[in-house]
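What follows is the residue order along each chain.
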Amino acid sequence: MSTTLEAPRQYGQPSRKGKRAWRKNVDVSEVQEGLRLLKDEEIKGGVLAERPSEELFVIDKKGSSEIRDAYRKQHKKPLKADEILAQRSAIDAVDTRKRGSSNVTDGVIEPKTKKHKSDWVSRKEWKRLKQVAKEGNPMDKPSDGGFYDPWADEADPTPLDDPQFDYLEKPKPKVAPETLKRAPISLTADGKTVPSVRAPTAGTSYNPTFEDWDELLREQGQRAVEEEKKRLEEERKEQERQRLVDEANDDDGEAKSDDESAWEGFESEYEKPEWLNKKRPERKTKTQRNKIKRRKEAERLAKWEAQKQTKEAQVAEAKAISERFKNQELERDSDADESSDEGDDTTLRRKPLGGKIRAPEKPTEVVLPDELQDSLRLLKPEGNLLDDRFRTLIIQGKLESRKPVSQPKKAKREVTEKWTYKDFKVPGL
């Protein structure tokens, strides 16, 4: 059994003083290990830290051919072209063979077997709807001829006709609304009807004459200038209103009187107020009161007669103006052609019918000089036929101008707690 002889040492407790103090039997194992390693290096040929770098390292400028060949076999980096060609795409390559297929088209005509979305109308359904619209029977109801009348009474038997259901309330007959018999009211200012599809003016052509184009440009420009003036006027009024509001907010609300501006202490105590110097009015007699009453009654009658005469004059003037306008309309209707019967859809009523939402504004239909094209092939399509048709239906009075509801109101639900859990009985009582 081998035993290791070491120098005596104390317990390895760190010093609790600021500087390291000398102690008896200090651990010197670290120093002995360093001396042993130094002796081993001297035996093997010298201390490595003291030997020069030329004796310790050799620079190999040629390299080993065996190591180079083995490394190339293990780590051979391919060319970038080989990496690109080696990649495999998830999409199949384009088939260059020519063969007839219904799925291959020229990009304009869709194939018959094309898969549409779930909410898309198929070609078969489209043909059925087209046939239904052609026959004039949208509800697929049997009709002898003409359009289907949804307000007509149907002779379909119902279970309410059975005697055993006599206690039930009979269904009310269908009654068509009264407005169904009325003609739609046009929203134009002159009251004339607007055609569903208006013939375009000569100035909106792709290659118009200078006179027609210049007239349309001046008309649209004047309209834009008036709208801008109206907008600036409204902005000025809003700024004035905001200024008054700010001034009212800055006011602290304290009442300002003339007494505050007067110097205190300079008023004599013997001076009487002004209202005490005034003579007190005496009580009027009955004769005086009757005289004042008759004078006031005469003044009221004179004022009423003046107002009556003014009103009669205004009514007579309005009738004369109405007659004059009627004569002008008759003369215009007799002299104008059929196109004059069309209403002006740019100028609408001041107040819309049936609501507060006004009809959408008509877009500006004018082409600037740098956008004019002398060829129909270079013409860029503008506008939207669906928007134009929708606006025409609103102006004709067949539809209401409503604001789309993006967030409909949800039904209010009240959550209550049942008290049935309180109704319990204790057994044995």
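Residues numbered from 1 in each chain as written. Predicted model: local features only at pLDDT ≥ 70, side-chain atom pairs only at ≥ 80, totals over all residues. Heavy atoms only, no water.

If you look the protein up in an unreviewed UniProt entry, it shows as Ribosome biogenesis protein NOP53 from Aspergillus puulaauensis. Taken from UniProt, the Sequence similarities (unreviewed entry) comment for the protein reads in full: "Belongs to the NOP53 family." (UniProt positions renumbered as here; feature names shortened; annotations may be inferred.)

This paragraph deals with the overall build of the protein. On a plain count of helices and strands, the protein comes out with 10 helices and zero strands. The order of α-helices and β-strands along the protein, N terminus first, is α-α-α-α-α-α-α-α-α-α. Burial statistics for the protein: of 429 residues in total, 7% are counted as buried. Residue pairs at least 24 apart in sequence account for 57% of intrachain contacts in the protein once pairs closer than 6 positions are excluded. When the accessible surface of the protein is summed, it comes to about 43,000 Å², and 54% of that surface belongs to carbon and sulfur atoms. (Helix = DSSP H or I, 4+ residues; strand = E, 2+ residues; numbered from the N terminus. Buried < 20%, exposed > 50% of the residue type's maximum accessible area, 1.4 Å probe, protein only. Contact = heavy atoms within 4.5 Å. Areas by Shrake-Rupley, 256 points an atom, 1.4 Å probe, with all protein chains shown as cover.)

So, about the confidence of the model for the protein. Overall, the predicted model of the protein reaches an average pLDDT of 78, with 76% of residues at or above 70. A low-confidence stretch, residues 260-267 (pLDDT under 50), is modelled with one contact involving residues beyond four sequence positions or located in other chains. (pLDDT = per-residue confidence, 0-100.)

Attention shifts here to the side chain of aspartate 345. With respect to the helices and strands, the residue aspartate 345 is situated in the loop between helix H9 (286-335) and helix H10 (385-395). Polar contacts involving the side chain of aspartate 345 include one to the side chain of lysine 362, which spans 3.3 Å. Excluding its chain neighbours within four sequence positions, the residues that come into contact with aspartate 345 are Thr188, Val194, Arg198, Lys362, Arg391 and Ile395. (Polar contact = N/O pair within 3.5 Å; in protein donor to acceptor, adjacent residues only side chain to side chain.)

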